[in-house]
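Here are the chains, one letter per residue:
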Amino acid sequence: MSDDLNHGPPQVSGIPWYCYVIAIASTCIAVGLQWDISWHMTIGRDTFWTPAHMVIYLGGILGGVTSAVLVFKMTFFDKNEGINSGVRFWGFTGPMGAWVCIWGAVAMLTSAPFDDWWHNAYGLDVEIISPPHMVLAAGFIALVFGAMLLTLVQQNRSNVSSIKPFSWFYTYTSAILILLMVILTTEYSFTNKHHSLEFYRISALAYPVVLVAIGRSSKLKWPATTAALIYMLHRCIMVWVLPLFEGQPLLAPIYREVTHFIPPPFPVLLFIPAVAIDLIILRPDRMNDWIRSLAIGLTFVLLFFIVHWYFSEFLLSESARNWFFSGHLNKPYWARVGPYEYEFWEYDYKVFGHPIPLTPVSLTGLFSVSIIAAISARVGLWWGQWMRQAKR
Amino acid sequence: MDETGKKMKNKLSILILLGCASLSIAHVGSLNVFYEGKAGTYPIRVIIRPPGVVPGLAEITVRSLGKGVERVTVQPVKWDAGPEGAPPPDVAVNVSGDKTLFSSELWLMDFGSYSVNVDVYGEQGHGRSIVPVSSIATRKLEMSPALKGILIFLMIFLFSGGITIIGAAVRESTLELGSKASKERKRKSRVSMLFGTLIFVGLLSGGRMWWTSIDNEYQENLFKPIEVTSEVISKNDTRILQISITDEKWKKGLYPPLIPDHGKIMHTYFMRIPGLDAFSHIHPVAIDQDQNTFQVIVPPLPGGDFVLFADITHESGFAQTLIDTVTVPEYSGLEFLEDLHIDRDPDDSWKMGYPLPDIDLDSPVRSSDLVNGKFLMEWLNLPDRIIAEKEVELSFKVTDITRGHLSLEPYMGMLSHAGILRTDGSVFLHLHPIGSISMASQQRFEQQSGVNARIESMHDGHMDHSKHMGNEMHRTSESVSYPPIEFPRSGQYRIWVQVKVRGEVLTGIFDLYVHPPILS
């Protein structure tokens, strides 16, 4: 049975205020996280009140409060709009994106006491990937995803003449989601690991799903490529701006001279496979989505591998030791100075110093990575298809 | 409390409880560092309370014991990074209401040997003390019931909220505006919530497994002292204690070599269990170049089961206590020391005391006479009740009953040595008048910093310990003071205090009961 349609096509007039606010909230979270990581690498000493933390909290508060306002408005003051365009949740009504944002804000809130206990029990921020940090990551990913949904439904409700600004808002917040995935995979993505299969495996898992979902749901011409370029620009600005500020380590031991904030590594070149993803998704023929996923998976890995195999060699070379690529600037104060900084690593080291051999890249290894990328892309197609239809 | 309850019927079970002693660095059962000395001309007392996790925040308090101190800074230095790898010093904040007390927090970011530069500024200029501290993980923090409750509540909220969002997304998010969800959508919504539940349960289970594996790895990497095995071998009818390092990390060269601490490579407290009646303070020597095996002539004490606590210091400045038990054959009454490959160290000392008594909880300390009524040792300023985790003054006065005046002499460069043992073996402290630090470690860091470095005097391998003879402010010729210490746990303790008078080492024994902390 099809859904009843009680009203005519939706009319969207102007850009709602909350689109701006949640775009700012998403930006705060992305900037705050990168600043925080740089803070840890440069200064080391961490408190609840560091400026980087404040920016992250601001992002969480902006997203959470904005969503709560939307929910209260729909539930108590604009019930008709709530019934017509909201989603019900435990007796309240609000936009789908607002619910996801609120969930994300609560998850971020939950991570705070958990992380504090974790520090006391196991030591301060030993690794980025820890259970409380994953709760926090789930929180900010949900918050940014909620922001995407809030702008997406505006795009999906718009007619041709008013669609563009919403598509840009949506693609921008999507780019922030890519950035979050890049931040989460930092420990697996050091340039020194780009000749190991682990880097390609984690990239195949993390990126196709997001790029494909954006490609299918955004109404821009080159959605995945645009989002990948926005992410790159965002990251590059952090690479170029952070070292302009003075910073000094405040924790021992300090194994290298650090005088300015440490920038993140130069961004992975996602726009190249993103072009291929856009081309494959936008193909006019009626390609089966399973075959499309396989094509995306194989193409993604092939392009990503070729590009990064050689680009990483460049990043480790002397030619990249400048302000633009910051190949010589992105090591923390606790990393000893040595030739290993500019070599490809054969081992990874766990917190307690156990060496773990990294897997060399092989043809069969790349094939297995392609399968992961294809599965990631298939999930992205499902997800993108749903987002393409989201109206509330 | 009835009469029976007032009596501590504590007969040692060290053999069983030695497992409790696995958290040992320079001491057993407590990471806290107590130090008393001079920063330039300023007498100070320093207490460092390491966090027990790495990286973590240690607390440091600095008390000025003199006048004219205006400002105190503290700076942690990791041994392999040196002063140039140290961050700028932090100002220790003056504790309100007490002009002589300063406190700060210290960030210990890495495992291993650190020192803390304590810089004091005031009317008489600047002075520095260097206090070594070991950064190790020793504890596992349990989650409080309140926090557990909050997190479970939030987890339930996120779990049910997440599933509700999934259901709502399928049911309504793609509906055209103004339309209502069909039965088909509602059915799909319920199915998706079921799948969502499975996914959330899977995520939670995976998270739990991940947490458990991290916890197991953490537990495996909690600090354990170097493993040793001990035996007593007989040569020329003489009993020789042999301590062999069996630890794999040591054999792989992961620990730096050992350095002497006030002239000895190993300081060992060796006591008969369970009564702790036979006591000795002996100094095994390495008999091989790799420092794998150490030997010492067992003092002329009766045989039985013995426990040993052996303090060592590594080249990095890291100090730790090795622990083992060993059975010693009965003493034959004869010793042939002349033809042995090792000598009895002239600084070895021993005493045949008496077994642990029943302790009356209302009368916390029972002390012994030193030498059959000839000398007496008295604990000065003894509080009525000794409470765990509260500072206790350790000042002792020695009286010669027969001859009146006496003057304490240096014993291994110190005015006194004290061993403090919780009778179940879970706490052991080796103290000097300068505190609980390893002096070898302190000297290592002083040499590294180039500040106030003392050079080992070449004659007889002994160091110059004039600075370590005790706190001038509290010392007379008949008494000795240690920095106030905190007993980490309640229970029965025995303290051996050693001094030297007229060339003879005297050992005083004190038995006491430490009461649990008072909960406010």
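Let me sum up the structure you'll find in this document. (Residues numbered from 1 in each chain as written. Chains lettered and ligands numbered in written order. Predicted model: local features only at pLDDT ≥ 70, side-chain atom pairs only at ≥ 80, totals over all residues. Heavy atoms only, no water.)

### A few points about a nonpolar patch on the surface
Residues and elements named next belong to chain A.
Thought 1: On the surface, a cluster of nonpolar side chains totalling about 820 Å² of accessible area is made up of Trp290, Leu294, Leu298, Phe367, Ile371, Ile375, Val379 and Trp382.
Thought 2: Put simply, the parts of the chain that give the nonpolar patch at least two residues each are α10 (289-315) and α11 (363-389).
Thought 3: Of the residues forming the nonpolar patch, the biggest block, five residues, is contributed by α11. (Patch = residues over 30% accessible without salt bridge, like charges linked within 9 Å, V, L, I, M, F, W, Y side chains within 5 Å. Areas by Shrake-Rupley, 256 points an atom, 1.4 Å probe, with all protein chains shown as cover. Salt bridge = Lys/Arg side-chain N within 4 Å of Asp/Glu carboxyl O. Helix = DSSP H or I, 4+ residues; strand = E, 2+ residues; numbered from the N terminus.)

### Considerations on the sheet that holds strand β15 (residues 285-286) of chain B
Backbone-to-backbone hydrogen bonds join strands into a sheet, with any given pair of strands oriented parallel or antiparallel.
All names here are of chain B.
Thought 1: Pairing in this open sheet of four strands is antiparallel, and the strands run β10-β11-β16-β15 from one edge to the other. Strands at the two margins of the open sheet, each flanked by one partner only, are β10 (228-235) and β15.
Thought 2: Relative to strand β11 (residues 238-245), β10 is paired through eight bridges, and the arrangement is antiparallel. Counterpart to Glu231 in the pairing with β11 is Gln242. (Pairing = 2+ DSSP bridges.)

### Looking at the sheet that holds strand β28 (residues 479-486) of chain B
Residue and element names in this part refer to chain B.
Thought 1: Within the open sheet, the three strands sit side by side as β22-β24-β28. Their pairing is antiparallel. The sheet is open, and its two borders are formed by β22 (375-380) and β28, each paired with just one other strand. In this sheet, adjacent strand axes meet at a mean angle of 20° when their direction is disregarded.
Thought 2: Pairing analysis gives six bridges linking β22 to strand β24 (residues 391-400), with the strands arranged antiparallel. Directly across from Leu380, in β24, lies its bridge partner Ser395. (Axes fitted to C-alpha atoms, helices over the stretch in contact; angles between N-to-C directions.)

### Describing the nonpolar core
Thought 1: Core analysis: the biggest nonpolar cluster contains 97 residues, and Ile178, Tyr207, Leu211, Tyr231, Leu270 and Phe300 of chain A have the highest contact counts within it.
Thought 2: If one sorts the elements of this core by residue count, helix α6 (residues 163-184) of chain A sits on top with 13 residues.
Thought 3: Membership of the second largest hydrophobic core comes to 34 residues, among which are Ala418, Phe487, Val501 and Val514 of chain B. (Core = buried A, V, L, I, M, F, W, Y, C linked by side-chain atoms within 4.5 Å. Buried < 20%, exposed > 50% of the residue type's maximum accessible area, 1.4 Å probe, protein only.)

### Details of a positive patch on the surface
Thought 1: Taken together, Lys180, Lys183, Lys186 and Arg190 of chain B make up a surface patch of like positive charges.
Thought 2: Given the relative accessible area of 58%, Lys180 of chain B is considered exposed. (Lys, Arg positive; Asp, Glu negative; His and termini not counted. Charge placed at Lys NZ, Arg CZ, Asp CG, Glu CD.)

### Things to note about the environment of Arg388 of chain A
All names here are of chain A.
Thought 1: With respect to the helices, strands and loops of the structure, Arg388 is situated in helix α11.
Thought 2: Residue classification places Arg388 among the partly exposed residues on the basis of a relative accessible area of 41%.
Thought 3: For the pair formed by Arg388 and Leu143, sequence separation is 245 residues and the distance between their alpha carbons is 19 Å.
Thought 4: In this view, Arg388 contacts Asn156, Arg216 and Ser217; residues no more than four positions away in its chain are not counted.
Thought 5: A polar side-chain atom of Arg388 sits 2.8 Å from the main-chain carbonyl oxygen of Arg216. (Contact = heavy atoms within 4.5 Å. Polar contact = N/O pair within 3.5 Å; in protein donor to acceptor, adjacent residues only side chain to side chain.)

### So, the pattern of salt bridges
Thought 1: Taken as a whole and assessed by the stated rule, the structure comprises 23 salt bridges over all chains.
Thought 2: The closest approach of N and O atoms between Arg171 of chain B and Glu172 of chain B, which form a salt bridge, is 2.7 Å. In this structure, Arg171 of chain B and Glu172 of chain B share a single accessibility class: buried.
Thought 3: Between Glu184 of chain B and Arg187 of chain B there is a salt bridge, and its shortest N-O distance comes to 3.3 Å. Taken together, the residues span about one helical turn, with Glu184 of chain B and Arg187 of chain B both in helix α4 (residues 183-220) at a distance of three residues.
Thought 4: One network of salt bridges, in which partners are shared, links Arg336 of chain A together with Lys78, Asp80 and Asp110 of chain B.

By themselves, these are just geometric observations and shouldn't be taken as functional.
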